[in-house]
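Each chain is listed here by its residues.
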Amino acid sequence: AVVSTQSTGDVREEETNAAKPPPRAPGTYVPPAIRKGDSGQDGSSRQRDENPTIRVSNLAEETSDKDLQELFKPFGALSRIYLAKDKNTGISKGFAYITYNYRDAAENALKHLHRYRYGHLILQVEWAKPSGS
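Bear in mind that the values here come from a model prediction, so they are computed numbers and not experimental data.

(A) Region of the structure containing the overall build of the chain. Looking only at helices and strands, the chain has 3 helices and 6 strands in total. Buried positions account for 23% of the 133 residues belonging to the chain. Of the contacts made within the chain by residues no fewer than 6 positions apart, 58% connect residues no fewer than 24 positions apart. Split by element, the accessible area of the chain, about 9,900 Å² in all, is 49% carbon and sulfur.

(B) A look at the environment of Leu110. Considering the arrangement of structural elements, one finds Leu110 in helix 3 (residues 103-113). As for Leu110 and Arg55, which are separated by 55 residues in sequence, their C-alpha atoms are 9.1 Å apart. When sequence neighbours within four positions are dropped, the list of residues in contact with Leu110 reads Ile54, Val125, Glu126 and Trp127.

(C) The arrangement of the sheet that holds strand 3 (residues 92-100) in detail. Taken together, the 4 strands give an open sheet; going across it, the order is 2-3-1-6, and neighbouring strands pair in antiparallel fashion. With one partner strand each, in any of the chains shown, strand 2 (78-85) and strand 6 (124-127) form the two edges of the open sheet. Strand-to-strand, the axes of this sheet are offset by a mean angle of 20 degrees, without reference to chain direction. Against the sheet, helix 2 (residues 65-72) contacts strand 1 (53-57), strand 2 and strand 3, and its axis sits at roughly 140 degrees relative to strand 2.

(D) Geometry of the nonpolar core. Ile54, Phe72 and Tyr100 are the most contacted members of the largest nonpolar core, which totals 18 residues. Counting residues per element, the ones that place at least two in this core are strand 1, helix 2, strand 3 and helix 3. Per-element accounting of this core gives the leading share, 5 residues, to helix 3. Excluding residues within four positions of it along the chain, Phe72 makes contact with Ile54, Val56, Leu78, Ile98, Tyr100, Ala109 and Leu113.

(E) Local environment of the packing of aromatic side chains. On inspection of all chains with the given rule, the structure shows 2 aromatic pairs. When the centroid spacing of 6.0 Å and the interplanar angle of 85 degrees are considered together, the rings of Phe95 and Tyr97 count as edge-to-face. Owing to a relative accessible area of 25%, Tyr97 belongs among the partly exposed residues under this scheme. A network of ring pairs unites the aromatic residues Tyr82, Phe95 and Tyr97 as a single cluster. Of note, Arg103 hangs over the ring of Trp127, and the distance from its end group to the ring centre comes to 4.3 Å.

(F) Structural context of the pattern of salt bridges. Applying the stated criterion to the full structure yields 2 salt bridges. Taking the shortest distance from any N to any O, the salt bridge between Glu107 and Arg103 comes out at 3.3 Å. Taken together, the residues Glu107 and Arg103, both in helix 3 and 4 residues apart, mark about one turn of the helix. Here Glu107 falls in the partly exposed class, since its relative accessible area comes to 39%.

Quick notes on the rules
- Residues numbered from 1 in each chain as written.
- Predicted model: local features only at pLDDT ≥ 70, side-chain atom pairs only at ≥ 80, totals over all residues.
- Heavy atoms only, no water.
- Helix = DSSP H or I, 4+ residues; strand = E, 2+ residues; numbered from the N terminus.
- Buried < 20%, exposed > 50% of the residue type's maximum accessible area, 1.4 Å probe, protein only.
- Contact = heavy atoms within 4.5 Å.
- Areas by Shrake-Rupley, 256 points an atom, 1.4 Å probe, with all protein chains shown as cover.
- Pairing = 2+ DSSP bridges.
- Axes fitted to C-alpha atoms, helices over the stretch in contact; angles between N-to-C directions.
- Core = buried A, V, L, I, M, F, W, Y, C linked by side-chain atoms within 4.5 Å.
- Phe/Tyr/Trp six-rings, centres within 6.5 Å; stacked < 30°, edge-to-face > 60°.
- Lys NZ or Arg CZ within 6 Å of the ring centre and 35° of its normal.
- Salt bridge = Lys/Arg side-chain N within 4 Å of Asp/Glu carboxyl O.

In structure tokens form, the structure reads like this:
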């Protein structure tokens, strides 16, 4: 079979067009990962790693989300509480991540609650390390 130069050019053009997303009608949902000029995050919300998050360790097995909220809320508005729990038993693994809306609130909580006696244990409070490190 003989292939002309023109048909080869057409194939390359089709391959190039295949990599581009098809045009979308206005108001159509576009996933963040393929938005033009976007790196996957919209500017209106911050990444989790940018929020002031502290890591609390040496928590008792009986610790609940409500306990953490009562302990950390007096220092400022909380954005998120993540208490690590065993998947099977639901018992605390002894550490949690507390995310505040504002860095000064997180700094204040860290300053006041590091080495704080909570129940029969002494809490260890530090800045959370970014994901993947």
